[in-house]
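Here's the letter readout for the chains.
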Amino acid sequence: MKNPLIINRVNLEEGGQKFRQEVTAESLEIKNLNIVGLVVIDLEIFKTDDMITATGTVKFRVKLNCVSCLEDYEKDFTEKIYQEYVSGAKPKVIAGGRIEDADFIREYYSGDYFNLTPIIRDTVQLAIPIAPWCRDDCPGVCV
Ligand SMILES: [Zn+2]
């Protein structure tokens, strides 16, 4: 099946366009996370001559295990996304030069296709707390 997150830039119009997809955790290759339902991606994709930007949100629900009371609970997340896609090779970092902040949000691709999957997957995975609490004042395990 065609991955809806792989986009052919030729099919994009100049300027902004809405991009909305609901995908499964499996299609994002997310493992070790208990995603409840679908991951909802809501983006504005903006195309100019030399760059494509994707701005918006990714929403999802995760079943987590509270480190305090050890109960399972579900939590909704809405995470912001901003990613730039630039056609061509990644410029070499000059020795002694500082890495521009833009490098962290910029991905280089060759050909006509770029893939939104990595940024969506990273955004979901980075949103999950290492030590989740079901609520701030969770009393812990009752003894
Ligand atoms: Zn708890």
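Below, the structure is looked at part by part. (Residues numbered from 1 in each chain as written. Predicted model: local features only at pLDDT ≥ 70, side-chain atom pairs only at ≥ 80, totals over all residues.)

Describing the overall build of the protein chain
Rules: Only DSSP runs of H or I with at least four residues qualify as helices, and only runs of E with at least two residues qualify as strands; both kinds are numbered from the N terminus onward. Put simply, the radius of gyration uses C-alpha atoms, and a globule should come to 2.2 Å times the residue count raised to 0.38. Working definition of burial: number of other C-beta atoms within 10 Å of the residue's own, with buried at 20 or more, exposed at 12 or fewer, and partly exposed in between, all C-beta atoms being placed from the backbone.
What the protein chain contains, in helices and strands, is one helix and seven strands. Along its sequence from the N terminus, the protein chain presents helices and strands in the succession β-β-β-β-β-β-β-α. Taken over the C-alpha trace, the protein chain has a radius of gyration of 19 Å; the compact-globule value for 143 residues is 15 Å, which it surpasses by more than 25%. Each principal axis of the C-alpha atoms in the protein chain carries an extent, and together these give about 65 × 45 × 25 Å. Taking all 143 residues of the protein chain together, 14% fall into the buried category.

Quick look at the environment of Cys69
Formally: Contacts are defined on C-beta atoms placed from the backbone: any two residues whose C-beta positions lie within 7 Å are in contact.
Among the structural elements, Cys69 can be located in the loop between β4 (52–65) and β5 (72–87). Residues Cys69 and Pro139, spaced 70 residues apart in sequence, show a C-alpha to C-alpha distance of 7.0 Å. Setting aside residues up to four positions removed in sequence, Cys69 forms contacts with Cys134, Cys138, Pro139, Gly140 and Val141.

Here we look at the environment of Leu116
Within the element layout of this structure, Leu116 appears in the loop between β7 (113–115) and α1 (117–127). Between the alpha carbons of Leu116 and Tyr85 there is a distance of 9.5 Å; along the sequence they are 31 residues apart. Not counting the four nearest positions on each side in its chain, Leu116 is found in contact with Leu5, Ile7 and Ala54.

Topic: the pairing of strand β3 (residues 34–47)
Note the cut-off: Strands are labelled as partners when DSSP assigns at least two bridges between them.
Sheet topology places strand β2 (residues 15–23) next to β3; nine bridges connect them, and they run antiparallel. Pairing of Gln21 across the sheet is with Ile41, part of β3. Count of turn residues in the β3/β4 antiparallel hairpin: four residues.

Notes on the nonpolar core
Stated precisely, the cut-off is as follows: Definition of nonpolar core: a set of buried Ala, Val, Leu, Ile, Met, Phe, Trp, Tyr and Cys residues joined via C-beta atoms within 7 Å.
One finds Val39, Ile41, Val58, Ile120 and Val124 to be the most contacted residues of the largest nonpolar core, which totals 17 residues. Broken down by secondary-structure element, the contributors of at least two residues to this core are β3, β4 and α1. For Ile120, the contacting residues outside a window of four places in its chain are Leu5, Leu28, Val39, Ile41 and Val58.

Brief notes about α1
Within α1, the full set of buried residues consists of Ile119, Ile120, Arg121, Thr123 and Val124. Where α1 is buried, its residues touch β3, β4 and β5.

Geometric values such as these leave the question of function open.
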